[in-house]
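Here is how the chains run, residue by residue.
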Amino acid sequence: MDQNEQNFDQLRQLLKLKRHEVPPPGYFNRLPAEIISEIRAEQRAGRDSVSRLATEAPWLMRLWGALEAKPLFGGAFGAAVCALILGALYLTEKPAERPTPMPLNASMASPFTASSPTTIDAQGVGSPLLLAATNLNNVVGPSLFDQAPTLQTAPVSHSPGN
Amino acid sequence: MVDPEHTAPFPVFKTAANPSVTEPASTPEANDEPLLIDRARSGDLEAYDELIRRHQERIYGTVYHMTSNHEDANDLTQETFIKAFQALKSFKGGSSFYTWIYRIAVNKTINFLKLRKNRASMSLNDLDFNAENDPDLVALVSDKTPRRDAGLTELQEKLNEAMGKLSDVHRLVVTLHDVQGVPHEEIAQIMECNVGTVRSRLFYARQQLQGYLSDYLK
């Protein structure tokens, strides 16, 4: 290693130049004060947020105090929150129930097909309606279509070649 | 050649601001450090101010030589001391305070350099007046340039450029050992590796630097 040290002597002399690089005058007199004031500012900010929380949500502070004082209670609370989150996740990921297709009964076999009374009101009786996947089993009373005028149909004579 | 400062029973540092002064770590000042740490840990900012004053030059020096940028070094030094104050409760005294705080500074600096990577820019500090009278430096530049002052500034730029070409760990080991005079054993603690690794990294880094600066070395 001594031989290596000898080989690098000049380099080490050159590297001494870096020891002469100094920050602006007075820098090291100012630096501690800047750091301390930064620490004080952070402490103030921390205290402010805690005191604001204490005034705006005292129940949260009481809860926090209780959790801090009784670790068992804290653990149980944590487990309950986890269970809630897991339950919520399970419910949101469960596929929504598919609606049962609406049975077509005789009264709906006509070109006028209703989806719901509100749809009829909106679209009018005279226009063809689309079949919507709405369960009508709960609709009480006669449908408006029962009161709709029945269409008269007449046979059309058609002779090919005319 | 064995450098006497690296065989001292206690770490000895030359401060960046005053390289002619050696500062043994076993002064009465160092003896009251545990007390200062205890006071700072309980929130006494005056005690922490004193700790900052004792270590700021070394920490700033390390970060500055790693980044070659005064503004970055200033920010990182401040962040290091703030982080250290916040983490003071976790300091158990297993290592010395300066090793602990060095480690914080080194980790912060290396993380910063990883992020900065391709937008490195130098903002070098001025050389102090002692540089012109340093016999080692005078010998290096007097043959090459008629104006010694200009020669030193040029040399400073080339040296920093060459340092910038080293990898972060190699630059760190050169900075700590050859610039700041930290012994191998302390560097091993700071870098959390063994002494052999420190020595081999130092050897490789010096070889690299010697190649980059061959025009400036006889």
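Residues numbered from 1 in each chain as written. Chains lettered and ligands numbered in written order. Predicted model: local features only at pLDDT ≥ 70, side-chain atom pairs only at ≥ 80, totals over all residues. Heavy atoms only, no water.

Student: Help me understand the overall build of chain A, please; the structure alone is not making it clear to me.
Tutor: Counting its secondary structure elements, chain A contains 6 helices and 1 strand. In chain A, the succession of helices and strands from N to C terminus is α-α-β-α-α-α-α. In chain A, which comprises 162 residues, the proportion classed as buried is 21%. Contacts in chain A between residues far apart in sequence, at least 24 positions, make up 33% of those at least 6 positions apart. Within the structure as shown, chain A displays about 12,000 Å² of accessible surface, and the carbon and sulfur contribution to it stands at 62%. (Helix = DSSP H or I, 4+ residues; strand = E, 2+ residues; numbered from the N terminus. Buried < 20%, exposed > 50% of the residue type's maximum accessible area, 1.4 Å probe, protein only. Contact = heavy atoms within 4.5 Å. Areas by Shrake-Rupley, 256 points an atom, 1.4 Å probe, with all protein chains shown as cover.)

Student: Where do I start with the interface of chain B and chain A in this structure?
Tutor: The figure often quoted for interface size is the accessible area lost as the parts come together. On the chain A side, the residues contacting the 57 residues of chain B number 37 residues. On inspection of chain B and its partner chain A, the count reaches 1 salt bridge. Here Asp178(B) makes a salt bridge to Arg12(A), at a shortest N to O gap of 3.7 Å. For the side of chain B that touches chain A, the secondary-structure elements that each account for two or more residues are helix H3 (45–67), helix H4 (70–86), strand S3 (126–127), helix H6 (130–133), helix H7 (135–142), helix H8 (148–165), helix H9 (168–179) and helix H11 (195–212) of chain B. (Salt bridge = Lys/Arg side-chain N within 4 Å of Asp/Glu carboxyl O.)

Student: Got a minute to help me understand the packing of aromatic side chains in this structure?
Tutor: One pair of aromatic rings is described through two measures. These are the centre distance and the angle between the planes. With the rule as written, the count across this model stands at 10 aromatic pairs over all chains. Both rings, one in Phe28(A) and one in Tyr60(B), keep their centres 5.5 Å apart while their planes meet at 85°; by these two values the pair is edge-to-face. On the criterion of chain membership, the pair formed by Phe28(A) in helix H3 (residues 27–56) and Tyr60(B) in helix H3 is interchain, its members lying in two chains. Given a relative accessible area of 10%, Phe28(A) falls into the buried group. Relative accessible area serves as the criterion here: at 2%, Tyr60(B) is assigned to the buried category. Centroid distance Tyr48(B) to Phe85(B): 4.9 Å. Interplanar angle 55°. Geometry classified as tilted. Placement of the pair is Tyr48(B) in helix H3 and Phe85(B) in helix H4, with a sequence separation of 37 residues. Both residues of the pair, Tyr48(B) and Phe85(B), count as buried. An aromatic cluster is built from Tyr27(A), Phe28(A), Tyr60(B) and Tyr64(B), whose rings are joined through pairwise contacts. The ring of Tyr212(B) carries the charged tip of Lys165(B) above its face, separated from the ring centre by 5.0 Å. (Phe/Tyr/Trp six-rings, centres within 6.5 Å; stacked < 30°, edge-to-face > 60°. Lys NZ or Arg CZ within 6 Å of the ring centre and 35° of its normal.)

Student: How should the nonpolar core be read in this particular structure?
Tutor: Soluble globular proteins tend to bury their nonpolar side chains together. All names here are of chain B. Residues Tyr 48, Trp 100, Val 174 and Leu 209 are the most contacted members of the largest nonpolar core, which totals 69 residues. Per-domain counts for this core show at least three residues from each of domain 1 (24–117) and domain 2 (147–218). In contact with Trp 100, other than residues within four places in its own chain, are Ala 84, Ala 87, Leu 88, Ser 90, Phe 91 and Ser 95. (Core = buried A, V, L, I, M, F, W, Y, C linked by side-chain atoms within 4.5 Å. Domains from an automatic or database assignment.)

Student: Please clarify how the confidence of the model for chain A should be interpreted in this entry.
Tutor: Any segment with low pLDDT has predicted coordinates that should not be analysed in fine detail. Taken over all residues, the pLDDT of chain A has a mean of 71, while the share at 70 or more is 54%. This model gives residues 112–134 of chain A a pLDDT under 50, and the stretch forms 36 contacts once residues within four places in sequence are excluded. (pLDDT = per-residue confidence, 0-100.)

Student: I'm lost on a nonpolar patch on the surface in this one. Help?
Tutor: Together, Phe77(A), Val81(A), Ile85(A), Leu86(A) and Leu89(A) give the surface a local cluster of nonpolar side chains, amounting to about 440 Å² of exposed area. Relative to the helices and strands, Val81(A) is located in helix H5 (residues 71–93). (Patch = residues over 30% accessible without salt bridge, like charges linked within 9 Å, V, L, I, M, F, W, Y side chains within 5 Å.)

Student: I keep staring at the packing of H3(A) against H4(B) and nothing clicks. Help me out?
Tutor: For any two helices packed against each other, the geometry is given by the interaxial angle and the distance between the axes. Close contact between H3(A) and H4(B) brings their axes to 10 Å; oriented N to C, the two are set at 50°. Here H3(A) is positioned oblique relative to H4(B), judged by the angle of their axes. Relative to H4(B), the crossing made by H3(A) is right-handed. Here Tyr27(A), Leu31(A), Glu34(A), Ile35(A), Glu38(A), Ile39(A), Glu42(A) and Gln43(A) of H3(A) come into contact with H4(B), specifically with His70(B), Asn74(B), Thr77(B), Gln78(B), Phe81(B), Ile82(B), Phe85(B) and Gln86(B). (Axes fitted to C-alpha atoms, helices over the stretch in contact; angles between N-to-C directions. Parallel < 35°, antiparallel > 145°, perpendicular 65-115°, else oblique. Left-handed = near helix turned anticlockwise from the far one by under 90°.)

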